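Residues per chain, in single letters:
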Amino acid sequence: MNANMTTPMKTDLFTSWRRFPWLPIAAILLILAPKAQAHIIKGEAGGFASGFHHPWSGLDHITAMVAVGLWGAQLGGRAMWLLPVVFPIVMACGGFLGLIGVPLPGQEVGIALSALLLGLMVLGAVKPKHLIWPAILVGTFGFYHGHAHGTELPPGQSGLFYSIGFVIATGTLHLCGITIGLLNRWPAGKAAIRSAGAVIMGCGVYFLWVALQPEPGEPAPAKATGALVTPGDGWHHV
Amino acid sequence: MSERTTVRAILSAILALWLCPARAEAHLVTTGLGPVYDGIDHFFLSPADEIPALALALLAGLRGTAAGRRALAVLPVAWLAGGWAGLATRGWSAPPEEMVGALSLLLLGVLVASDIALPAAVVAGLAGLLGLAHGFLDGVGFLQAGMGKGMLEITGIAVTLFVLVALGAAAAVVAKPMWARTAVRVLGSWIAASGLLWTGWVLHGFK
């Protein structure tokens, strides 16, 4: 028997070490953080970190984006990738309008409904006949989420780095959803995904309840009318 | 000393260095390797230049080898020409660098994400426009920063572009399976989304 077969890990390690002797040198150079030359743009690191952190900062955004990935995985085929392509672009459209100051009524309610309805779609493993319907639903909610992010963007950062971090984080959340959604191949996995949809829907109900509460210091509406009003700095459904 | 001990010693040294990194100074400090390397360094540290160039490479690759070859030939030359024009310009204190960068990202990202069947000549035209605009802004930037004569830095960028477009376009050309092509399109949608958000940011007036 070949002696090397008894210690495969060791052999692999040392073979790699012999074949790539420059690897440790490259690693050392990588971590030495040498002086770099760049444009004079302030806040690069802060911009990327802030942008990357932003989508993770609210459970409402996380649940909706993971739900998009889960639903895409349930739909399978082209839909698995169509939805994550549609969502960032439409979300950026919403963010663009938020940034330039175009108001969007019912923002908080729309975001709450996104978790509720997307969770419902995952729970019911709904598969529309045409892909256009999931794309429209996801796109609409992406618009609401993007607008909320656009109005919340902090000044004093690098816009490019912030935007890149923000989009990468959003895409990462979708990929998380898609990865979890791969459990759909097994019966137990299907049940687990649908349970996750139920949890997301429950979160959506809670978000909706919070969104419908009056702002602190404001009198509660005497009667629900369905009208949209603007208390303070946000829109609430009453 | 055995090989395993050597590996452990090196890994320990790496860990030690990792725990005490040097401060990165990223403001127009030259590499010390000469102007061509300064240009290469500048390009890799400027995502406003790097990402549109990558998006163009992906677009050219999605459109096939003919479009890839044209982009490979046109983009570095156009960047050089634009850089030369920018270095020759005087008195332009505030070029619209951010807006050009944002719109480049948006346009090229949308084209990659939508996978529109553009003719190779149109891709080459886009490469020319991108190279001229970004090269010009780089030239003006180098001039304002007082970085030597600037042309060698632009040459370094052009060489880097040649390599980047060759690799990026080749990667997209061989992306034949559905999942690989879709992955390129997803990347395009992310680029477009970043460009659109950045456009809004610039219009909003954040600095």
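As the structure is a computational prediction, the values presented were derived from the model and not from experiment. (Residues numbered from 1 in each chain as written. Chains lettered and ligands numbered in written order. Predicted model: local features only at pLDDT ≥ 70, side-chain atom pairs only at ≥ 80, totals over all residues.)

Visitor: Run through the overall build of chain B, naming residues and quoting values.
Guide: What chain B contains, in helices and strands, is eight helices and zero strands. What you see in chain B, going N to C, is helices and strands ordered as α-α-α-α-α-α-α-α. A separation threshold of at least 6 residues defines the contact pool for chain B, and within that pool the share at least 24 residues apart is 87%. (Helix = DSSP H or I, 4+ residues; strand = E, 2+ residues; numbered from the N terminus. Contact = placed C-beta atoms within 7 Å.)

Visitor: An account of the environment of Leu-105 of chain B is requested, with residue identities and associated values reported.
Guide: Relative to the helices and strands, Leu-105 of chain B resides in helix α5 (residues 97-114). Other than its neighbours up to four places away in sequence, Leu-105 of chain B contacts Ile-51, Pro-52, Ala-55, Ile-191, Ser-194, Gly-195 and Trp-198 of chain B.

Visitor: Give me the lowdown on the packing of helix α3 (residues 47-62) of chain B against helix α7 (residues 151-173) of chain B, citing residues and values where you can.
Guide: All names here are of chain B. For the pair α3 and α7, interaxial distance at closest approach is 7 Å and the crossing angle is 40°. Judged by the angle between their axes, α3 and α7 are oblique. Judged by the twist between their axes, the crossing of α3 over α7 is right-handed. Each of Ala-53, Leu-54, Ala-57, Leu-58, Ala-60, Gly-61 and Leu-62 in α3 lies in contact with α7, whose residues at this interface are Leu-161, Leu-164, Val-165, Gly-168, Ala-169, Ala-170, Ala-171, Ala-172 and Val-173. Considered class by class, the residues forming the contact of α3 with α7 number 14 nonpolar, two polar and no charged. (Axes fitted to C-alpha atoms, helices over the stretch in contact; angles between N-to-C directions. Parallel < 35°, antiparallel > 145°, perpendicular 65-115°, else oblique. Left-handed = near helix turned anticlockwise from the far one by under 90°. Nonpolar A, V, L, I, M, F, W, Y, C, P; charged D, E, K, R; others polar.)

Visitor: Tell me what's going on with the nonpolar core, and back it up with residues and numbers.
Guide: Within the largest apolar cluster, 113 residues are counted, with the highest numbers of intra-cluster contacts made by Leu-56, Ala-71 and Leu-75 of chain B. With 14 residues, the top contributor of residues to this core is helix α5 (residues 79-99) of chain A. Once residues within four sequence positions are removed from consideration, Ala-71 of chain B is found in contact with Leu-56, Ala-57, Ala-60, Val-123, Ala-124, Ala-127, Val-165 and Ala-169 of chain B. (Core = buried A, V, L, I, M, F, W, Y, C linked by C-beta atoms within 7 Å. Buried ≥ 20, exposed ≤ 12 C-beta atoms within 10 Å, placed from the backbone.)

Visitor: Before we move on, can you summarise helix α2 (residues 35-44) of chain B with the specific residues and values?
Guide: All names here are of chain B. Most of α2 is tucked away: seven of the ten residues are buried. Of all the residues in α2, the buried ones are Pro-35, Asp-38, Gly-39, Ile-40, Asp-41, His-42 and Phe-43. Residues of α2 that are buried in the fold lie against α3 and α7.

Visitor: Requested: an account of the confidence of the model for chain B, with residues and values cited.
Guide: Residue and element names in this part refer to chain B. Summary statistics for chain B give a mean pLDDT of 83 and a share of 86% for residues scoring 70 or more. Of all helices and strands in chain B, the one with the weakest mean pLDDT is helix α1 (residues 3-19) (72), whereas α3 scores best (92). Throughout residues 23-28 the model reports pLDDT below 50, and contacts reaching past four residues in sequence, or to other chains, amount to twelve contacts. Scoring of the predicted complex yields 0.72 for pTM and 0.70 for ipTM. (pLDDT = per-residue confidence, 0-100.)

Visitor: Residue-level account of the environment of Trp-179 of chain B, with values.
Guide: Residue and element names in this part refer to chain B. Assignment of secondary structure puts Trp-179 in helix α8 (residues 178-204). On the neighbour-count criterion, Trp-179 (9 C-beta atoms within 10 Å) is exposed. The spatial distance from the C-alpha of Trp-179 to the C-alpha of Ala-169 is 17 Å, given a sequence separation of ten residues.

Visitor: Outline unusual backbone geometry, listing residues and values.
Guide: Phi is positive for Ala-125 of chain A, close to 45°, though the residue is something other than glycine. Inspection of the secondary structure puts Ala-125 of chain A in the loop between α6 (107-124) and α7 (132-152). The phi torsion at Asp-115 of chain B lies on the positive side, around 55°, for a residue other than glycine. Following the sequence through the fold, Asp-115 of chain B ends up in the loop between α5 and α6 (120-145). Judged by C-beta crowding, with 15 C-beta atoms within 10 Å, Asp-115 of chain B ranks as partly exposed.

Visitor: Tell me about the environment of Ser-50 of chain A, and name the residues and values.
Guide: Structurally, Ser-50 of chain A is set in helix α3 (residues 44-53). Separated by 22 residues in the primary sequence, Ser-50 of chain A and Gly-72 of chain A have C-alpha atoms spaced 28 Å apart.

Visitor: So what's going on with the packing of α5 of chain A against helix α8 (residues 159-181) of chain A? Which residues, and what values?
Guide: Residues and elements named next belong to chain A. Running from N to C, α5 and α8 point in directions that differ by 155°, and their axes come no closer than 11 Å. Classified by the interaxial angle, the pair formed by α5 and α8 is roughly antiparallel. Two packed elements cross with a definite hand, and for α5 against α8 that hand is right-handed. The residues of α8 that touch α5, namely those facing Met-80, Pro-84, Phe-87, Pro-88 and Met-91, are Val-167, Thr-170, Gly-171, His-174 and Ile-178. For the contact of α5 with α8, the per-class residue count stands at seven nonpolar, three polar and no charged.

Visitor: Can you explain α7 of chain B? Please cite residues and give values.
Guide: Along an α-helix, a turn takes 3.6 residues, which lines up residues three or four apart on a common side. An ideal rise of 1.5 Å per residue puts 33 Å on 23 residues; α7 of chain B measures up with 32 Å between its terminal C-alpha atoms. Those residues of α7 of chain B that are buried lie in contact with α2, α3, α4 (65-88), α6 and α8 of chain B. (Expected span 1.5 Å × (residues − 1).)

Visitor: Describe the confidence of the model for chain A, naming the residues involved and giving the relevant values.
Guide: All names here are of chain A. Looking at chain A, pLDDT values average 74 and 69% of them are 70 or higher. The low-confidence segment residues 1-7 (pLDDT under 50) makes one contact with residues lying over four places distant or belonging to another chain. Per-residue pLDDT stays below 50 along residues 221-238; that stretch engages in 30 contacts with residues further than four places along the chain or on separate chains.

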